[in-house]
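Overview (structure and organization)
Each chain, letter by letter, is given below.
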Amino acid sequence: MTTSTLTKPAAADAGSTGPYAARIHHVSKSFGRPGARQQVLDDISIDVAPGEFVCLLGASGCGKSTLLNLVAGLDAPSEGTIETPGGRPALMFQEHALFPWLTAGRNIELALRLRGVPRAERRPEAERLLELVRLKGAYGKRVHELSGGMRQRVAMARALAQDSQLLLMDEPFAALDAITRDVLHDELTRIWQETNLSVLFVTHNVREAVRLGERVVLLSSRPGRVAREWRVDIPQPRRIEDSAVADLSIEITEQLRGEIRRHGQH
Ligand SMILES: Nc1ncnc2c1ncn2[C@@H]1O[C@H](COP(=O)(O)OP(=O)(O)OP(=O)(O)O)[C@@H](O)[C@H]1O
Ligand SMILES: [Mg+2]
């Protein structure tokens, strides 16, 4: 059913810009002044193939957000290189980070404007994206009028408005209740299948990683290293309660527990 450890991602799809959507190549990252440096990431190499859905899993504080920020270009690695040949990736965080004084539609249009979409095309495109995340009719709603799940849908539509080939997601559903999260997992899987996006999805939730990913990469802590990876050969759409999802989750959780024990935390 599943194979483990360090298989190379599949070769490039036809028409893609390169053999990978993101290449993280021997990346290390330290913070702090000389003499008081903290190494957070150590020699991490991960390729994300075009159209691939990769989940990055690890304990709190192991450096997942740090790595995602490096891929987003928000910070630079101390060593190693990161390439995203398709251009600037789109980002989605745990907090929706929508502008509260703008409506749902206007939040999306802002991203379209920054991308250079002509004014006349912005509204229909924003409506199309809202429909894609199943929020038809929410164009004129202000952020405070939307539920948490609806806000994350708008945030997803705004990320998609950037028209990037690579979507970086940092625990985007962590603050939602289990049922809303379940629905958004289905939506994300559907959108990923419809758009052929590459996704690098950070989570500390093993089940979520197995529910969503084609590949799950487990990071160790202090410093963060690639501990192991799994290919998830369970057909989509999966359900979080599927027995195959549960079985692999148990295996991965065991490994994650081992990592946490080894580093004496949590
Ligand atoms: N800009 C920074 N300056 C100094 N230290 C930092 C900085 N960013 C992150 N760190 C440190 O790097 C380590 C990893 O942080 P990071 O936020 O990447 O972890 P994480 O895996 O995303 O955790 P969580 O699951 O809780 O979100 C932490 O010890 C954090 O304090
Ligand atoms: Mg984080």
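The text that follows walks through the structure, step by step, so that each part is easy to find. Just so you know, these numbers come straight off a predicted model, no measurement behind them.

Section: the packing of aromatic side chains
Summed over the entire model, instances satisfying the criterion amount to four aromatic pairs. Ring pairs connect the aromatic residues Phe-53, Phe-173, Trp-192 and Phe-201, which therefore count as one cluster. In this arrangement the basic side chain of Arg-123 is found over the ring face of Tyr-139, its NZ or CZ atom lying 3.7 Å from the centre.

Some details on empty space enclosed by the protein
Over the atoms, a rolled probe matching the size of one water molecule traces out where space is still vacant. According to the stated counting rule, one finds one cavity of 30 Å³ or more in the structure shown. Of the volumes computed, that of the largest cavity is approximately 30 Å³. For the largest cavity, the full set of lining residues is Ala-21, Thr-84, Gly-86, Gly-87, Gln-165 and Leu-166. Considering only residue class, the lining of the largest cavity consists of two nonpolar, four polar and no charged.

A look at the sheet that holds strand β2 (residues 22–31)
Pairing in this open sheet of three strands is antiparallel, and the strands run β3-β2-β5 from one edge to the other. Of all strands in the sheet, those with a lone pairing partner are β3 (38–48) and β5 (79–83), marking the two edges. With strand direction ignored, the average angle separating the axes of adjacent strands in the sheet is 20°. Of the strand pairs in this sheet, β2 and β5 are connected by four bridges, and their pairing is antiparallel. Across the sheet, His-25 pairs through a bridge with Thr-81, a residue of β5.

The rules behind each value
- Residues numbered from 1 in each chain as written.
- Chains lettered and ligands numbered in written order.
- Predicted model: local features only at pLDDT ≥ 70, side-chain atom pairs only at ≥ 80, totals over all residues.
- Heavy atoms only, no water.
- Phe/Tyr/Trp six-rings, centres within 6.5 Å; stacked < 30°, edge-to-face > 60°.
- Lys NZ or Arg CZ within 6 Å of the ring centre and 35° of its normal.
- 1 Å grid on protein atoms, 1.4 Å probe; cavity = no way out; pocket = protein on both sides within 12 Å on 5 of 7 lines; lining within 4 Å.
- Points joined across faces, edges and corners; volume = space filled by probe spheres on them.
- Nonpolar A, V, L, I, M, F, W, Y, C, P; charged D, E, K, R; others polar.
- Pairing = 2+ DSSP bridges.
- Helix = DSSP H or I, 4+ residues; strand = E, 2+ residues; numbered from the N terminus.
- Axes fitted to C-alpha atoms, helices over the stretch in contact; angles between N-to-C directions.

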